[in-house]
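Observations on the three-dimensional arrangement
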Amino acid sequence: IAPLPVEALRAQFPVLAQSIHGQPLAYLDNAATTQTPLAVQQAQLDFERQDRANIHRGVHTLSQRATDAFEQARATLKQFIGAQAEHELVFTSGTTEALNLVAQGLWAAGPGQAWLRPGDRIIVSGLEHHANLLPWQQAARQSGAELAILKPDGAGRLHACDLAALLTPRTRVFALTTCANASGERPPYEALLAQAAQAGALTVLDAAQAVAHDTPVLARLDCDFLAFSGHKMYGPMGTGVLAGRRSALARLHPLRLGGDMVESVQWHTARFAGLPARLEGGTPNVAGAVGLAAAARFIDATGRAAIDAHVRALRALALQGLQGIPGITVLAPHATQAGLVSFVARGVHPHDIGTLLDERGIAVRTGHHCAQPLLEHLGLGPTTRASFALYNTEDEVRRLVQAVARAMEVLQ
Ligand code: PMP
């Protein structure tokens, strides 16, 4: 694989060309949000300038152009994630909305109709972001189902034998991440999803942390529901996707009831439309969908394999450097497919490290990363996390390592 032309790519991300506290910005907070290239910004601007109108109901030309742009964006994204004829894709405001739609949609139809019933079991992995845990806590409470956690071992790894021990004939859902955003752990999700599907569960995959460099391919997975966010794959904020098997999506009771998601309405009843409209009530973020499709095209034009190799190489470099600093422990050092490193520093609060790094122009994230139960299970508190994108350089990683070493000297 040819290396990425990083300098040429950086020129397409104007936000990177700035100084922070007198130092060149090293943006290493990509697991939280990536930056957008000019192509994505231009696609959104072009839509706003030329095609903006409400979709699906209009006979006028602008409305038809806007509808075409929205549906073209859907087609592009379906192709991006390897959707087959059996799959459908719904636009959401992000991973969080997508996962809430699944969890609530599986019980909201009510007794006798809903997929989740009292006494059923929901299994959620212990690596999850709160966005793939809290909706299941609520779905369990509301439906009377029981929530079981597939807990990782002391090193933060998930095991098929532990899943086997939790699976029962009444397991209806298994929810899992492609990569733990707090630790970088990349579970063997292909095998775990297949194992749960074999047992009759609907499978839910949170792809937020893999979509930008190690995109899951629906055609190759035992996956009923796939969720990801646009802003973590060089796309607009407030955009996202819920994709999956049409048969599974059809089980979801719609949560946004209103315009554009119905076939016919009477005073006391309504007939919902088919997929995907059924799950997209109200006016969607059309410019956002157009921008998200431009991000998918940008990733493919740049080359998925090259992006993945680049991000992994930066992670390996960071891992090597950080492990050489006394007092630093990196979580999930074995997770070579991750695009991030998360670490704890003996006797030093991550907030202080993050502040010292910011003074040197280096942006990292500190805290619990919305995964408090996982960090507590591992006996850890908040961490410092550096995460990499296609525009990051080896030089930035070296600056990170040096700055962390310096922070440890000052703070310890
Ligand atoms: N899941 C994972 C693994 C994440 O990393 C994130 C974002 N940190 C989310 C879900 C939530 O994504 P969003 O805030 O875009 O809805």
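Residues numbered from 1 in each chain as written. Predicted model: local features only at pLDDT ≥ 70, side-chain atom pairs only at ≥ 80, totals over all residues. Heavy atoms only, no water.

By the naming in an unreviewed UniProt entry, the protein chain is Cysteine desulfurase, taken from Paenacidovorax caeni. Recorded under Sequence similarities (unreviewed entry), the UniProt text for the protein chain is reproduced unchanged: "Belongs to the class-V pyridoxal-phosphate-dependent aminotransferase family. Csd subfamily." Under the UniProt heading Function (unreviewed entry), the note attached to the protein chain is "Catalyzes the removal of elemental sulfur and selenium atoms from L-cysteine, L-cystine, L-selenocysteine, and L-selenocystine to produce L-alanine." (UniProt positions renumbered as here; feature names shortened; annotations may be inferred.)

**Points about the site of the ligand**
Contacts to the ligand come from Thr95, Thr96, His129, Ala131, Asn181, Asp206, Ala208, Gln209, Ser229, His231 and Lys232. One of the side-chain nitrogen or oxygen atoms of Thr96 is found 2.6 Å away from an oxygen atom of the ligand. One nitrogen or oxygen atom from the side chain of Ser229 is found 2.6 Å from an oxygen atom belonging to the ligand. Considered on its own, the ligand offers 400 Å² of accessible surface; in the complex 85% of this is hidden by protein. The class makeup of the residues in the shell around the ligand is two nonpolar, seven polar and two charged. (Near = heavy atom within 4 Å. Polar contact = N/O pair within 3.5 Å; in protein donor to acceptor, adjacent residues only side chain to side chain. Areas by Shrake-Rupley, 256 points an atom, 1.4 Å probe, with all protein chains shown as cover. Nonpolar A, V, L, I, M, F, W, Y, C, P; charged D, E, K, R; others polar.)

**A few points about the pairing of strand E14 (residues 340–345)**
When you tally the buried positions in E14, you get six out of six residues, the bulk of the element. Alternating residues of E14 divide into Leu340, Ser342 and Val344 and Val341, Phe343 and Ala345, and every residue in both groups is buried. In this sheet, E14 lies alongside strand E13 (residues 328–330) in antiparallel orientation, the contact comprising three bridges. By the bridge assignment, Val330 is partnered in E14 with Phe343. As paired elements, E14 and strand E17 (residues 383–387) share four bridges and run antiparallel to each other. The residue bridging Phe343 from the neighbouring strand is Thr384, located in E17. (Buried < 20%, exposed > 50% of the residue type's maximum accessible area, 1.4 Å probe, protein only. Helix = DSSP H or I, 4+ residues; strand = E, 2+ residues; numbered from the N terminus. Pairing = 2+ DSSP bridges.)

**Digging into the nonpolar core**
Among the nonpolar cores identified, the biggest contains 100 residues, and Phe174, Met233 and Leu322 are the most heavily contacted of them. The element best represented in this core is helix H9 (residues 286–302), accounting for 11 residues. When residues no more than four places from it in sequence are discounted, the contact partners of Met233 are Thr34, Leu77, Phe80, Val211, Ala212, Phe228, Leu292, Ala295, Ala296 and Ile299. (Core = buried A, V, L, I, M, F, W, Y, C linked by side-chain atoms within 4.5 Å. Contact = heavy atoms within 4.5 Å.)

**Considering helix H11 (residues 350–359)**
Those residues of H11 that fall on the buried side of the exposure criterion are Pro350, Ile353, Gly354 and Leu357. Looking straight down H11, one finds that the buried residues subtend no more than 100° of arc, so they occupy a single side. On its buried face, H11 is in contact with E14, strand E15 (362–363), strand E16 (365–367), E17 and helix H13 (394–411). Backbone geometry just downstream of H11 places Gly361 in the positive-phi region, at approximately 85°. (Arc of directions from axis to C-beta.)

**Points about the side chain of Thr302**
As for its placement among the helices and strands, Thr302 is situated in helix H9. At a separation of 2.7 Å, a polar atom in the side chain of Thr302 contacts the main-chain carbonyl oxygen of Phe298. Beyond its immediate stretch of four places on either side in the chain, Thr302 contacts Leu4, Leu9 and Ile307.

**Here's the deal with the sheet that holds E14**
Taken together, four strands build an open sheet; the order of strands is E13-E14-E17-E16 and the sheet is antiparallel. A single partner strand is all that each edge strand has here, and the edge strands are E13 and E16. Going from strand to strand, the sheet's axes swing by 30° on average, the running direction of each strand aside. With three bridges joining them, E16 and E17 adopt antiparallel strand pairing. By the bridge assignment for E17, Arg365 is matched with Arg385. The strands touched by helix H10 (residues 304–323) within the sheet are E13 and E14, with E14 carrying the most contacts at an inclination of about 15°. (Axes fitted to C-alpha atoms, helices over the stretch in contact; angles between N-to-C directions.)

**Thoughts on the pattern of salt bridges**
All chains considered together, the criterion is met by 23 salt bridges. In this structure, Arg121 engages Glu146 in a salt bridge whose closest nitrogen and oxygen atoms are separated by 3.0 Å. Note that Arg121 is positioned in strand E5 (residues 121–125) and Glu146 in strand E6 (residues 146–150), a separation of 25 residues in sequence. With relative accessibility at 38%, the residue Glu146 sits in the partly exposed group. One salt bridge connects Arg186 with Glu190, and the closest N-O pair in it is separated by 2.8 Å. When its relative accessible area of 35% is taken as the criterion, Glu190 is described as partly exposed. Several salt bridges converge on common partners, so that one network encompasses Glu86, Asp222, Asp224 and Arg245. (Salt bridge = Lys/Arg side-chain N within 4 Å of Asp/Glu carboxyl O.)

**Remarks on unusual backbone geometry**
Residue Pro276 is reached from Leu275 by a cis peptide bond, and omega for that bond is -5°. One non-glycine residue, His21, lies in positive phi territory at about 50°. Examined against the element boundaries, His21 turns out to sit in the loop between strand E1 (19–20) and strand E2 (23–24). Of the residues examined, His21 reaches a relative accessible area of 53% and is grouped as exposed.

**Looking at the UniProt feature "domain: Aminotransferase class V" (unreviewed entry) in the protein chain**
Following the UniProt record, one finds the feature "domain: Aminotransferase class V" (unreviewed entry) at residues 27–400. A helix fraction of 36% and a strand fraction of 18% characterise residues 27–400, whose end C-alpha atoms lie 10 Å from each other.

**Focus: helix H2 (residues 38–51)**
The first and last C-alpha atoms of H2 sit 19 Å apart over 14 residues, in line with the 20 Å expected at 1.5 Å per residue. Buried residues in H2 make contact with helix H3 (61–80) and H9. (Expected span 1.5 Å × (residues − 1).)

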